[in-house]
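Given next are the chains, with one letter for each unit.
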Amino acid sequence: MNTIRVVRGVGTAPTEMASYDAALAAANVHNYNLVTVSSVVPADATVEAVDVAPDLGPAGNRLTVVQARETTSTPGETVVAGLGWATGSGPGLFYEASGTDEASVRAAVLDGLEAGRNLREWSFDDEDVALTTGTHEGDGYTTAVTVAAYGQSESIF
């Protein structure tokens, strides 16, 4: 069976892009070229939340992901990146949302999953949500990411 791993990270750095890279590093998906897809879980996949991604192949490979991210440069501001999934005996769904309020992000994820289920005649038995939260302290930028990494990476060529 194919595994989709949900990983999370928070990073702070001098620039917005560097903080995003640092957040990806905290989740151990920073050495791949991320290819974001819309949010369908293949029928033959399982979704597993883990602390950080294991080795998913050589650096520079392509890695298929669904991701949520939020960045701030405002000291004291909280960033939240949320990813939810609904699965069953067939295909499933991911839904992502981000913002600065944990309750609002969770609600948006759950509302999105409900709307997505209503569009499909699939069976859904399980539902889960992963939120990543960070608070910006000091200079630069802080980014929170929640990433669903599909299987192993593949050569980009």
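See the structure shown above.
These numbers come from a predicted model, not from an experiment.

Criteria and thresholds
Residues numbered from 1 in each chain as written. Predicted model: local features only at pLDDT ≥ 70, side-chain atom pairs only at ≥ 80, totals over all residues. Heavy atoms only, no water. Helix = DSSP H or I, 4+ residues; strand = E, 2+ residues; numbered from the N terminus. Rg over C-alpha atoms; globule rule 2.2 N^0.38 Å. Buried < 20%, exposed > 50% of the residue type's maximum accessible area, 1.4 Å probe, protein only. Areas by Shrake-Rupley, 256 points an atom, 1.4 Å probe, with all protein chains shown as cover. Lys, Arg positive; Asp, Glu negative; His and termini not counted. Charge placed at Lys NZ, Arg CZ, Asp CG, Glu CD. Pairing = 2+ DSSP bridges. Axes fitted to C-alpha atoms, helices over the stretch in contact; angles between N-to-C directions. Phe/Tyr/Trp six-rings, centres within 6.5 Å; stacked < 30°, edge-to-face > 60°. Lys NZ or Arg CZ within 6 Å of the ring centre and 35° of its normal. Polar contact = N/O pair within 3.5 Å; in protein donor to acceptor, adjacent residues only side chain to side chain. Contact = heavy atoms within 4.5 Å.

Enquirer: What exactly am I supposed to notice about the overall build of the protein here?
Expert: Secondary structure assignment for the protein yields 2 helices and 9 strands. Shown N-terminal to C-terminal, the secondary structure of the protein runs as helices and strands in the order β-α-β-β-β-β-β-β-α-β-β. A compact globule built from 157 residues would reach a C-alpha radius of gyration of about 15 Å, and the protein, at 15 Å, matches this within 12%. Taking all 157 residues of the protein together, the buried fraction comes to 41%. Counting every atom, the protein has about 7600 Å² of accessible surface; 46% of that belongs to carbon and sulfur. Here the protein holds 7 positive side-chain charges and 21 negative ones, and the gap between their average locations is 5 Å.

Enquirer: Sorry if this is basic, but what is going on with unusual backbone geometry here?
Expert: Excluding glycine, most residues fall at negative phi; most peptide bonds, likewise, are trans. Its identity as a non-glycine residue notwithstanding, Asn 28 has a phi of 65°, on the positive side. Relative to the helices and strands, Asn 28 resides in the loop between α1 (16-27) and β2 (33-36).

Enquirer: Which parts of the structure should I look at to understand the sheet that holds strand β9 (residues 141-150)?
Expert: The strands making up a sheet are joined through hydrogen bonds of the backbone, oriented either antiparallel or parallel. Pairing is mixed in the open sheet, where 5 strands are placed in the order β2-β5-β9-β1-β4. Both edges of this open sheet fall to β2 and β4 (45-49), since each of them pairs with a single strand only. When strand polarity is set aside, the average angle formed by the axes of neighbouring strands in this sheet is 40°. Bridging between strand β1 (residues 2-13) and β9 involves 10 bridges; their strand directions are antiparallel.

Enquirer: Looking at this structure, how should I read the packing of aromatic side chains?
Expert: This model, assessed by the stated rule, comprises 3 aromatic pairs. Relative to Phe 124, the ring of Trp 122 lies with its centre 6.2 Å away and its plane at 45°, an arrangement referred to as tilted. By way of ring pairs, the aromatic residues Trp 85, Phe 94 and Tyr 150 are connected into one cluster. Lying over the aromatic face of Trp 122, Arg 120 brings its terminal NZ or CZ to 5.3 Å of the ring centre.

Enquirer: I would appreciate a short explanation of the side chain of Gln 67 in the present structure.
Expert: Considering the arrangement of structural elements, one finds Gln 67 in strand β5 (residues 62-72). A distance of 2.8 Å separates polar atoms of two side chains, one belonging to Gln 67 and the other to Tyr 20. Within the local environment of Gln 67, its side chain forms a polar contact with the side chain of Thr 36, the two groups lying 3.1 Å apart. Once residues within four sequence positions are removed from consideration, Gln 67 is found in contact with Tyr 20, Leu 34, Thr 36, Glu 96, Thr 146 and Val 147.

Enquirer: Whenever I open this one, the environment of Ser 39 confuses me. Can you help?
Expert: If you trace the backbone, Ser 39 turns up in the loop between β2 and β3 (40-41). With a relative accessible area of 15%, Ser 39 lands in the buried category. Separated by 112 residues in the primary sequence, Ser 39 and Gly 151 place their C-alpha atoms 15 Å from one another. Not counting residues up to four positions away in its chain, the partners in contact with Ser 39 are Val 66, Gly 92, Leu 93, Phe 94, Tyr 95 and Glu 96.

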